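Secondary and tertiary structure notes
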Amino acid sequence: MLRKFDYSWRWLKHSLWLILPIAGIGMAESRLGNQRCNNIIITIDGDSGMHFLDKTDIQMLLTENGGDPLLGSRLRDVHLSDLENRVRKNKLVKKCQVFRDLKGNVVVEVEQEKPLARWINTSTSGEWRNTSGYYINDEGVFFPLSESFSARTLLVSGPFFTSSKEMKSKKGVMVMDLIRFLNTNEFWKAQVAEMYVDKDGEVLLTTVLGDQRVELGMAEDFESKFSKLRIFYDKVLSKDWSRYSKISVKFQDQIVCE
């Protein structure tokens, strides 16, 4: 009988070790839910160099332009997922996470989109029609320009970029690989001012030094094409940058100049 009682007591003690923490968490959650929202703490990724949005922009998104204020609201009535969705509706936002802390604050962490290129609308003669356009991120997704900040990035133009679906095609994948290359190679990042891509995927580059037009052809095997072009730069063009206005490396094992 004593052994049975001892076993029951030990079982009760083990159960209490499980029940008490759970009960404590429940009480803390209940207390937190009754708290009022004291403050909204907003952090926006600061190491990307992008300043498309500021804290005021995020605050307006959270409160639907002030129509649904958060300060003073009971935390149990604050639906975090709804707040995240409000912020994510802005196409300049890549990610958003909203949570509550133990001090009664609503904490909002925002990651902005990061552009690899900016598409500009041009006429058939190559002149800019207006300031319309959009950015293209690393995944080939288009997102709008910002009224408050203009990112310094590769300029792209041409009919190839008029459809976001094209960026998912085989040619689009090659074009995106080329854009990434031009963003990571220090020499060509500084040298290429604009990249034009026609409807068939043929690439034409405009350079900074010498103001040449470089026919790259299709955006395939581009690294070997740039290697040939770099040798030509070092051995020929470096002696007279204005010698040629057009260079073509679209054909295998040859460089054609005009």
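Cut-off values and rules
Residues numbered from 1 in each chain as written. Predicted model: local features only at pLDDT ≥ 70, side-chain atom pairs only at ≥ 80, totals over all residues. Heavy atoms only, no water. Helix = DSSP H or I, 4+ residues; strand = E, 2+ residues; numbered from the N terminus. Buried < 20%, exposed > 50% of the residue type's maximum accessible area, 1.4 Å probe, protein only. Contact = heavy atoms within 4.5 Å. Areas by Shrake-Rupley, 256 points an atom, 1.4 Å probe, with all protein chains shown as cover. pLDDT = per-residue confidence, 0-100. Polar contact = N/O pair within 3.5 Å; in protein donor to acceptor, adjacent residues only side chain to side chain. Salt bridge = Lys/Arg side-chain N within 4 Å of Asp/Glu carboxyl O. Phe/Tyr/Trp six-rings, centres within 6.5 Å; stacked < 30°, edge-to-face > 60°. Pairing = 2+ DSSP bridges. Axes fitted to C-alpha atoms, helices over the stretch in contact; angles between N-to-C directions. Parallel < 35°, antiparallel > 145°, perpendicular 65-115°, else oblique. Nonpolar A, V, L, I, M, F, W, Y, C, P; charged D, E, K, R; others polar.

Concerning the overall build of the protein chain
For the protein chain, the helix and strand inventory stands at 6 helices and 12 strands. Burial status across the protein chain gives 36% buried among its 258 residues. Contacts in the protein chain between residues at least 24 apart in sequence constitute 52% of all its contacts with a sequence separation of at least 6. For the protein chain, the accessible surface area stands at approximately 15,900 Å², while carbon and sulfur atoms represent 53% of it.

Describing the confidence of the model for the protein chain
In this model, the protein chain carries a mean pLDDT of 84, and residues with pLDDT of at least 70 account for 82%. Ranking the helices and strands of the protein chain by mean pLDDT puts helix α4 (residues 170–184) first, with 96, and helix α1 (residues 2–34) last, with 52. Overall, residues 22–29 carries pLDDT values under 50, and its contacts beyond four positions in sequence, including any with other chains, amount to 1 contact.

Observations regarding helix α2 (residues 55–62)
Near the N-terminus of α2, the side chain that reaches the backbone nitrogen of Thr-56, with its oxygen 3.1 Å away, is that of Asp-54. Once α2 finishes, Glu-64 follows within two positions and takes phi at roughly 50 degrees, a positive value.

Concerning the pattern of salt bridges
For the structure on display, the rule yields 11 salt bridges. The shortest N-O distance in the salt bridge between Asp-45 and Lys-114 comes to 3.5 Å. Linking Asp-45 in the loop between β1 (39–44) and α2 with Lys-114 in the loop between β3 (105–112) and β4 (115–122), this pair joins segments that are 69 residues apart in sequence. By relative accessible area, Asp-45 is classed as buried at 16%. With a shortest N-O distance of 2.8 Å, Asp-177 and Arg-180 are connected by a salt bridge. A residue pair is termed a helical-turn pair when its members lie 3 or 4 positions apart in one helix, as Asp-177 and Arg-180 do in helix α4 at 3 residues. Given a relative accessible area of 35%, Asp-177 falls into the partly exposed group.

What about unusual backbone geometry?
Positive phi, close to 60 degrees, is recorded for Asn-65, a residue that is not glycine. When you line up the elements, Asn-65 lands in the loop between α2 and α3 (80–88). Overall, Asn-65 belongs to the exposed group, its relative accessible area being 62%. A positive phi is found at Asp-221, a non-glycine position, where the angle reads about 50 degrees. Inspection of the secondary structure puts Asp-221 in the loop between β10 (213–218) and α6 (222–235). Residue classification places Asp-221 among the exposed positions, given a relative accessible area of 56%.

Looking at the packing of aromatic side chains
In total, this model carries 13 aromatic pairs according to the counting rule given. Seen from their ring centres, Phe-52 and Phe-143 are 6.1 Å apart, and the 75 degrees between their planes marks the pair as edge-to-face. Separated by 91 residues along the polypeptide, Phe-52 in the loop between β1 and α2 and Phe-143 in strand β6 (residues 142–143) bring together distant segments of the chain. When the centroid spacing of 6.1 Å and the interplanar angle of 80 degrees are considered together, the rings of Phe-187 and Tyr-233 count as edge-to-face. Of this pair, Phe-187 sits in helix α5 (residues 186–191) while Tyr-233 sits in helix α6, and the two are 46 residues apart along the sequence. Of the residues examined, Tyr-233 reaches a relative accessible area of 1% and is grouped as buried. Through successive ring pairs, a cluster of aromatic residues spans Phe-181, Phe-187, Trp-188, Phe-222, Phe-226 and Tyr-233.

Side note on the sheet that holds strand β2 (residues 93–100)
Hydrogen bonds between backbone atoms are what pair the strands of a sheet, whose relative direction is either parallel or antiparallel. If you walk across this open sheet you meet the 3 strands as β1-β3-β2, and the pairing is mixed. Since the sheet does not close on itself, it has two edges, and those belong to β1 and β2, each with one partner. Shown here is a sheet whose adjacent strand axes are inclined to one another by a mean of 15 degrees, direction ignored. Strand direction decides the pairing type here: β1 and β3, joined by 6 bridges, are parallel. Of the residues in β3, the one forming a bridge with Ile-42 is Val-108. Sitting on the sheet, α2 touches β1 and β3, and the angle it makes with β1 is about 125 degrees.

Points about the packing of α4 against α6
In contact at an axis separation of 11 Å, α4 and α6 are set at 45 degrees when each is read in the N-to-C sense. Considering their axes alone, α4 and α6 lie oblique with respect to each other. Between α4, through Met-174, Asp-177, Leu-178, Phe-181 and Leu-182, and α6, the contact on the second element is made entirely by Phe-222, Glu-223 and Phe-226. For the contact of α4 with α6, the class distribution of residues is 6 nonpolar, no polar and 2 charged.

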